[in-house]
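The lines below spell out each chain.
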Amino acid sequence: MKPIPYKEDRYLMSDLAYVIDKLKTRQTLTGTELVSLISSTDESIWQKVYAVADQIRQEYVGDDVHLRGLLEFSNICKRNCSYCGLRKNNRDQIRYRMQPSDIIEQAQRIASYGIKTVVLQSGEDAFYSLDMLTHIIRSIKQTADIAITLSIGERTKDDYRTLREAGADRYLLRHETASKELYEKLHPDSKYEERIRCIEDLFDVGFQVGIGSMVGLPGQTAGDLAEDILLIQKYQPDMIGIGPFIPHQDTPIGQADSGTIEDTLKIVSLARIVCPTAHIPATTATGTIDYYGREKALHAGANVVMPNFTPQSYRVHYNIYPNKRCIDEEGHKCNFCIRAMIVREGRTVGTGYGHAIRFKHNTG
Ligand code: SAH
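Predicted model only: the values in this text are computed from it and were never measured. (Residues numbered from 1 in each chain as written. Predicted model: local features only at pLDDT ≥ 70, side-chain atom pairs only at ≥ 80, totals over all residues. Heavy atoms only, no water.)

Whenever I open this one, the overall build of the protein chain confuses me. Can you help?
A count of helices and strands for the protein chain gives 15 helices and nine strands. For the protein chain, whose C-alpha radius of gyration is 19 Å, the value lies close to the compact-globule estimate of 21 Å for 364 residues. Projecting the C-alpha coordinates of the protein chain onto the three principal axes gives extents of approximately 60 × 40 × 40 Å. Sorting the 364 residues of the protein chain into buried and exposed places 59% on the buried side. Pairs at least 24 apart in sequence give 75% of the contacts found in the protein chain among residues at least 6 apart. Total accessible area on the protein chain stands at roughly 14600 Å², and carbon and sulfur atoms take up 51% of it. In the protein chain, 45 positive and 47 negative side-chain charges are present, and the distance between their average locations comes to 2 Å. (Helix = DSSP H or I, 4+ residues; strand = E, 2+ residues; numbered from the N terminus. Rg over C-alpha atoms; globule rule 2.2 N^0.38 Å. Buried < 20%, exposed > 50% of the residue type's maximum accessible area, 1.4 Å probe, protein only. Contact = heavy atoms within 4.5 Å. Areas by Shrake-Rupley, 256 points an atom, 1.4 Å probe, with all protein chains shown as cover. Lys, Arg positive; Asp, Glu negative; His and termini not counted. Charge placed at Lys NZ, Arg CZ, Asp CG, Glu CD.)

Structural data, given as structure tokens:
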């Protein structure tokens, strides 16, 4: 589909009423309908969409908000993604990597707070061999009652299979943007088809799979955002991570504007409607551009929050974007504060693993 300029209003209000009705009853839209809706800046229209998303969230995944303890174990990366502060060519970034024993210990610590998922995230750091990663996964599984989500980038299908067999439950690999043209502009050293290949391989080897995208990337159109929703509709992922693009000054697109809370909530709510059983985080980036961004996302379709458990001395250096929320708080504080926030928003804190709905019957 040819991208359509963002502000172009192609539908009349009465048509948008039809689109909202269709979202409610059929939970799907065509590309043209999505573009028209996404182009609308009418707040009253969006309040209705958020209400539909909130209701679908309650119906399919309930009021529980699942906690995922985030451990950012290395900020060393071989890639040069033009939005990310961890990009290889950013020489101003202080680098760190945690030792396997330290990673295992931190995962045990997260479990001791009653959190049932640890997300192991890093740059694409070749230091961690497949043997090392399988050792980390096995040791965590043997010593802690916790699900493991990996977020460590692009690998071969054989690698993914080995990691799954070692006991990792889930894998997050955002598609970043469904526009091939924009994707390749932002990723000088990687191909859109390769990213999609990885996502399909992750499904094939039996992971619970998370995809997702950034909203408000420079040059991104309503047509591109509609493509993100169509991709989510097509793959029906188990998890969907959506957050605003936030410029980092030491990157090639560091002078661009940040994504907005309005546009982020639009995409979160549409993702919920077209993929009703997914686990969708109220992302840290959303809480960074707007103080109440995470709360707003929880009322527009989201049902997951990811408290940061990266040890303080490392956390300040995991600068994918600047001014990250809760950068100066220890994990246990983050845990406490996020639990209070969930209750304040009228929701309950999930006590189970929060596995994907389609896996629930065999993994509890
Ligand atoms: N190396 C892993 C993890 C990447 S960091 C991987 O490739 O999957 C996790 C996510 O942070 C990325 O997928 C990206 O969507 C997001 N991110 C990176 N830089 C960002 C920025 N400047 N603003 C907002 N989100 C960003």
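For this particular structure, what's the right way to read the sheet that holds strand E8 (residues 304–305)?
Strand-to-strand pairing in sheets goes through backbone hydrogen bonds, with the strands running parallel or antiparallel. One open sheet accounts for three strands, arranged E8-E1-E9; its pairing is parallel. What marks the edges here is a single partner per strand, and that holds for E8 and strand E9 (348–349). Relative to E9, strand E1 (residues 64–67) runs parallel, the two sharing two bridges. Within E9, the position partnered with Asp64 by the bridge is Thr348. Relative to E1, helix H14 (residues 331–344) is tilted by about 165°, and along the sheet it contacts E1, E8 and E9. (Pairing = 2+ DSSP bridges. Axes fitted to C-alpha atoms, helices over the stretch in contact; angles between N-to-C directions.)

Is there a simple way to explain the nonpolar core in this structure?
Generally speaking, a soluble globular protein has its nonpolar side chains buried in company with each other. In terms of nonpolar packing, the biggest core is built from 87 residues, with Leu37, Leu120, Leu150, Tyr171, Phe207 and Leu270 touching the most fellow members. In terms of residue count, the dominant contributor to this core is helix H10 (residues 261–274) (eight residues). The residues contacting Leu37, other than those within four sequence positions of it, are Leu16, Val19, Leu23, Leu29, Ile45, Trp46, Val49 and Leu270. One finds Tyr83, Leu182, Phe245 and Tyr318 within the second-largest nonpolar core, a separate group that totals twelve residues. (Core = buried A, V, L, I, M, F, W, Y, C linked by side-chain atoms within 4.5 Å.)

Where do I start with the sheet that holds strand E2 (residues 69–74) in this structure?
The strand order across the open sheet built from six strands is E2-E3-E4-E5-E6-E7, with neighbouring strands paired in parallel fashion. Where the open sheet ends on each side, the last strands, each with one partner, are E2 and strand E7 (239–244). Neighbour to neighbour, the strand axes of the sheet diverge by 20° on average, direction disregarded. Pairing between strand E5 (residues 170–172) and strand E6 (residues 208–215): three bridges, direction parallel. Paired with Arg170 across the two strands is Gln208, which belongs to E6.

Got a minute to help me understand the pairing of E1 in this structure?
The two faces of a sheet get side chains in turn, since along a regular strand they alternate between them. With two bridges connecting them, E1 and E8 associate as parallel partners. Bridging from a neighbouring strand, Leu67 pairs with Val305 of E8.

Explanation requested: the environment of Asn80 in the structure shown.
Along the polypeptide, Asn80 turns up in the loop between E2 and helix H4 (100–112). For the pair Asn80 and Thr251, spaced 171 residues apart in sequence, the C-alpha separation works out to 9.2 Å. Beyond its immediate stretch of four places on either side in the chain, Asn80 contacts Arg87, Lys88, Asn89, Leu186, Pro188 and Asp189. There is a polar contact of 3.0 Å between the side chain of Asn80 and the backbone nitrogen of Asn89. (Polar contact = N/O pair within 3.5 Å; in protein donor to acceptor, adjacent residues only side chain to side chain.)

Even after reading the chapter, I still don't get the site of the ligand, so can you show me in this structure?
Lining the immediate surroundings of the ligand are 16 residues, of which Tyr83, Ser122, Arg174, Glu176 and Ile246 lie closest. One of the backbone nitrogen or oxygen atoms of Ser122 is found 3.0 Å away from a nitrogen atom of the ligand. In the environment of the ligand, a nitrogen atom lies 2.8 Å from a nitrogen or oxygen atom belonging to the backbone of Ile246. Against a free-state accessible area of 560 Å², the protein chains account for coverage of 91% of the ligand. Residues of the shell around the ligand, tallied by class, amount to nine nonpolar, four polar and three charged. (Near = heavy atom within 4 Å. Nonpolar A, V, L, I, M, F, W, Y, C, P; charged D, E, K, R; others polar.)

Got a minute to help me understand the packing of helix H9 (residues 222–235) against H10 in this structure?
Axes are the key here: two packed helices are described by the angle between their axes and the distance separating the axes. The interhelical angle for the contact between H9 and H10, taken along N-to-C directions, is 25°, at an axis separation of 9 Å. With respect to H10, the element H9 is oriented roughly parallel. In this structure, H9 crosses over H10, and the sense of that crossing is right-handed. Judged by residue contacts, Leu225, Ile229, Ile232 and Gln233 of H9 engage Ile267, Leu270, Ala271 and Val274 from H10. Within the contact of H9 with H10, the residues separate by chemical class into seven nonpolar, one polar and no charged. (Parallel < 35°, antiparallel > 145°, perpendicular 65-115°, else oblique. Left-handed = near helix turned anticlockwise from the far one by under 90°.)

It is not clear to me how the pattern of salt bridges should be interpreted in this structure. Could you clarify?
Two side chains of opposite charge can pair, provided their charged atoms sit close to one another. Tallied over the entire structure, the rule returns 22 salt bridges. One salt bridge in this structure joins Glu124 and Arg79, with 2.9 Å as the shortest N-O distance. Placement of Glu124 in the loop between strand E3 (117–122) and helix H5 (130–143) and of Arg79 in the loop between E2 and H4 is noted, with a sequence separation of 45 residues between them. In this structure Glu124 comes out as buried when scored by relative accessible area, which is 10%. (Salt bridge = Lys/Arg side-chain N within 4 Å of Asp/Glu carboxyl O.)

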